[in-house]
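Here's the letter readout for the chains.
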Amino acid sequence: MPKHSYSGGLVAKGRVSIVVERCKACGFCVEFCPTKVLALSSAFNSKGYHPPHVVHPEKCSGCDLCGMYCPDFAIYGSRVTPVAGGKE
Amino acid sequence: MSDLVNPVEQFLRSDRMPHIWCPGCGIGTTVNCFAQALIESKVDLESLAVVSGIGCTGRVAGYVKLDSFHTTHGRAIPFATGLKLANPKLNVVVYSGDGDLSAIGGNHLIHAARRNIDLKVICVNNLIYAMTGGQTAPTTPDHAITSTNPYGVFEPSFNLPHLVEAAGAVYVARWTTFHVRQLARSISEAFKKKGFSFIEVISPCPTLYQRRNKLGDGLDTMKYYKEKSKTRHGAPTSEVGLTMTGEIIVGKFVDRDRPDYQTMMRGQMTESLGDKFAEQAEMVCS
Amino acid sequence: MKADPRGVLTGTHFMDGDHACCEGALAAGARFAAGYPITPSTEVVERFASRIPTVGGTFIQMEDELAASITLQGAVWGGAKAFTVTSGPGFSLMMEHIGYAAMTETPCVFVDVQRGGPSTGLPTLPAQADMMQARWGSHGDYEIIALCPNSPQECFDLTIKAFNLAEEFRVPVMFMMDEVVGHMTEKVVIPPADQIEVVPRKHTHKSVSEYLPYGTNGDMVPEIAHAGEGYKFHVTGLTHDERGYPNMTPQVQDKLVRRLQNKIRSAADRIALFEEEQTEGADVVVVSYGITSRVAQRAIGLARERGLRIGKLRLITAWPFPEKKIAELAACVKAFVVPELNLGQMVREVERAAAGKARTFAVSHAGGGVHKPEEILKVIVEASR
């Protein structure tokens, strides 16, 4: 039995949801996303903050670290497709 | 895409969002960890109650969709004591700030720890009185500038883990708002403990503490936590004091077992009164 | 609803006021007390501490009166009927939480066994100088109910009344004893449980989705829910709307605070208890309460022996003050004589309610003892001229 490896396997797909009006542009999500999926956008919410937006959607694993860090409950990650190619 | 739901949302009073905490303040982050712990440890939400005092963290009670009580300044712990004693089946969490718990509420903090009342205390320590505009707290590190120490704090500050361990707490841990997974796990561990658990969470207060002391904003502070924190489980609490820019020792410092208040009460009453001791009837006054 | 027999010590006893107060609380269904030792009140909780483990419930001695006065409120929200007992210095420490109980409409009882003041004053000696503090001691506009027993029997009966009023109006009720009534031993008859009327908690029967923690349906007193029943309600000392949510607008403040006031004032006639005797055709009415009313009884007797037409009005409810009764009497009497163990507190209310239609004479006493009947008699005679 070959030792399991991730080299060829599919990484779980995830998606980020953003509640724009709650965001206060603290930047935690952008900083602590392990795969740098996010960046602060140049758009404004009604309070004048720059909410984050997804710049590398393909890199999101849905780990929800952005959600854990967000002090405003304005972003969260969700696993969208099941993890494929895990242990044989 | 609308079917995707924030796992934390179920615990929030969404109709009260957005909340009042400042950009980069860490209180909301601690609420995420609290929510995560509720999910992980499958706490029965029906019997969970959150009690907060006054201050920025005091507003947590108003934002969580649970039986929640926003009490008076410093008196969350005695209120929670009454709540727990009247209905021992309740899981009572005290969620408040460093000023509320260790300054005006300090007397109740040490007595509840001494009695080992079964309470889970989450103390969000932003090192200052934030709600009232950035005054010195018992936890404000030396030389910090505050609105009431404009020339620099000179009073020594409390080392909260050391204080509550000495007073008798059975579980003492400290994390920062950077340590989201560890904090969630710590809160879950506290839910499994019976007795007085105390979790200190160092949190940025960008608007008052960091700004007045030129320590950058919330994100800079989180990076400082990431860089300068050191996990030392079981570290002697006497060694975990804080300074303004120095090392931050985090981890689970104390995890011991000691009968909680009601167990001790029941034991003593049964010993003295035998079967004459009437176990507290279900509190029904209707 | 009838009293729970487990808490009722049916029988005839020879008991002091402090102990009778404790028995009244137990009979009323109190199963939680948080206290702190302070002369001359501690006997109440000492007895509760010895009785409650066999009745079923909890007593906890807290680290200070501040803690005691909020711990009991936690217990109320945990489902218990709860109270605390103190005297002047402790009563002063409890003020913020009396305000919290009024604002959050937490039904509970604060027993104040009054002693000489101010400050440490005369710990073992009587006074009645906390009467205005009982009414106005906390900050902001709020209403409370205050009862004044004048015998150990009333310490039993009126403590039950205090708990019933607290539950009916969801208000903190002040039980204004004094050291003499507290430490005086007399006969106390405790009836069988089925002869004691107890008001249950006004618990909601609404579903979780319908329930509004501070919504009222006309009678100004909201239904309550306890923690652990699935209602997920919020209670706060901040000005709050009907959902219990903080709301910092003057409109919500006006609506809330006026309701907190009107729920008591609109029922004041029903709440304001007093004992009236020979006020019909009287020239002078002696208005008194607590231990002073028993000393005044002697002075009234002496005055009547001299042919003077003297009426007696004993306040059982100090707050809300029975102003209608005073106004009514003021129209037909020459004067009121108001002996009390302070330098003039309830006399001001009598004067206010009389609105100049009758004169008001205070018989003040700085505390530490009780009046000599002759002192009161002298003023009655003077008032009758």
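Small disclaimer: the values here were computed from a predicted structure and weren't measured. (Residues numbered from 1 in each chain as written. Chains lettered and ligands numbered in written order. Predicted model: local features only at pLDDT ≥ 70, side-chain atom pairs only at ≥ 80, totals over all residues. Heavy atoms only, no water.)

Examining the nonpolar core
Grouped together as the largest cluster of nonpolar side chains are 95 residues, with contacts concentrated most on Phe69, Leu83 and Phe196 of chain B together with Phe336 of chain C. When residues of this core are assigned to domains, at least three fall in each of domain 1 (5–195) and domain 2 (275–384) of chain C. Sequence-distant contacts of phenylalanine 196 of chain B, that is, excluding residues within four places in its chain, are made with Ile77, Leu109, Ala112, Ala113, Asn116, Ile117, Asp118, Leu119, Val121, Ala169, Val170 and Tyr171 of chain B. Within the second largest apolar cluster, 61 residues are counted, among which are Leu48, Ile122, Ala130 and Val180 of chain B. (Core = buried A, V, L, I, M, F, W, Y, C linked by side-chain atoms within 4.5 Å. Buried < 20%, exposed > 50% of the residue type's maximum accessible area, 1.4 Å probe, protein only. Domains from an automatic or database assignment. Contact = heavy atoms within 4.5 Å.)

Let's talk about the state of the cysteines
Counted under the stated rule, the structure contains 0 disulfides over all chains. Not part of a disulfide, cysteine 25 of chain B finds its nearest cysteine sulfur in cysteine 22 of chain B, a span of 6.4 Å. For cysteine 25 of chain B, a relative accessible area of 9% puts it in the buried group. With no disulfide of its own, cysteine 22 of chain C lies closest to cysteine 21 of chain C among cysteine sulfurs, the gap being 7.3 Å. (Disulfide = S-S within 2.5 Å.)

Let's talk about helix H10 (residues 261–273) of chain B
In this model, H10 of chain B (13 residues) spans 18 Å end to end at C-alpha, consistent with the 18 Å of a helix rising 1.5 Å per residue. All of the buried residues along H10 of chain B are Tyr261, Gln262 and Met265 of chain B. On an axial view of H10 of chain B, the arc spanned by its buried residues comes to 90 degrees, and they lie on one face. Buried residues belonging to H10 of chain B abut helix H3 (76–86) and helix H5 (106–115) of chain B together with strand E3 (58–61) of chain C. Taken from the residues just after H10 of chain B, glycine 274 of chain B is the one with a positive phi, measuring 55 degrees. (Helix = DSSP H or I, 4+ residues; strand = E, 2+ residues; numbered from the N terminus. Expected span 1.5 Å × (residues − 1). Arc of directions from axis to C-beta.)

Here we look at helix H2 (residues 42–55) of chain C
Residues and elements named next belong to chain C. Here H2 contains 14 residues, and its C-alpha end-to-end distance of 20 Å stays within 8% of the 20 Å for a straight helix at 1.5 Å per residue. Helix geometry: H2 is bent most strongly at alanine 49, by close to 30 degrees, with proline proline 53 lying one to four residues after it. Glycine 56 sits one or two residues past H2 and shows a positive phi near 105 degrees. (Bend = angle between axes of the 7 residues up to and from the residue.)

Regarding the interface of chain A and chain B
Between chain A and chain B, the contact holds 25 residues from the first and 34 residues from the second. Both sides together, the interface formed by chain A and chain B hides about 2400 Å², and carbon and sulfur atoms give 63% of it. Area buried by chain A at its contact with chain B is led by Arg22, Met68 and Phe73 of chain A, which between them contribute 32% of it. Summed over the shared surface of chain A and chain B, the result is 2 salt bridges. Lysine 223 of chain B serves as the salt-bridge partner of glutamate 31 of chain A, at 3.8 Å between the closest nitrogen and oxygen. Viewed at the interface, chain B and chain A are joined by 12 residue pairs in polar contact (both at pLDDT 80 or more). Where the side of chain A that touches chain B is concerned, the elements lending two or more residues are strand E1 (13–18), helix H1 (28–32), helix H2 (65–69) and strand E4 (75–81) of chain A. Here the side of chain A that touches chain B takes 4 residues from H2 of chain A, the largest share from any one element. (Buried area = accessible area lost by both parts, 1.4 Å probe. Salt bridge = Lys/Arg side-chain N within 4 Å of Asp/Glu carboxyl O. Polar contact = N/O pair within 3.5 Å; in protein donor to acceptor, adjacent residues only side chain to side chain.)

Overview of the environment of glycine 369 of chain C
All names here are of chain C. Along the polypeptide, glycine 369 turns up in the loop between strand E16 (359–364) and helix H14 (373–384). When the C-alpha positions of glycine 369 and isoleucine 52 are compared, they lie 33 Å apart, and in sequence the two are 317 residues distant. Setting aside anything within four residues of it in sequence, one finds glycine 369 in contact with Pro126 and Leu341.

Side note on the interface of chain C and chain B
As a measure of interface size, the accessible area lost when the parts come together is often cited. Each partner contributes residues to the interface: chain C has 49 residues there, and chain B has 45 residues. Roughly 3800 Å² is buried in total at the junction of chain C and chain B, and carbon and sulfur atoms are behind 61% of that figure. For chain C, the biggest contributors to the area lost against chain B are Glu63, Lys232 and Tyr245 of chain C; these three give 18% of the whole. Applying the counting criterion to the chain C and chain B interface returns 3 salt bridges. The residue glutamate 46 of chain B makes a salt bridge to lysine 232 of chain C at a minimum N-O spacing of 3.3 Å. Put simply, the parts of the chain that give the side of chain C that touches chain B at least two residues each are strand E2 (30–35), H2, E3, helix H3 (65–77), helix H5 (95–104) and strand E10 (234–236) of chain C. Partitioning the side of chain C that touches chain B into residue classes produces 22 nonpolar, 17 polar and 10 charged. (Nonpolar A, V, L, I, M, F, W, Y, C, P; charged D, E, K, R; others polar.)

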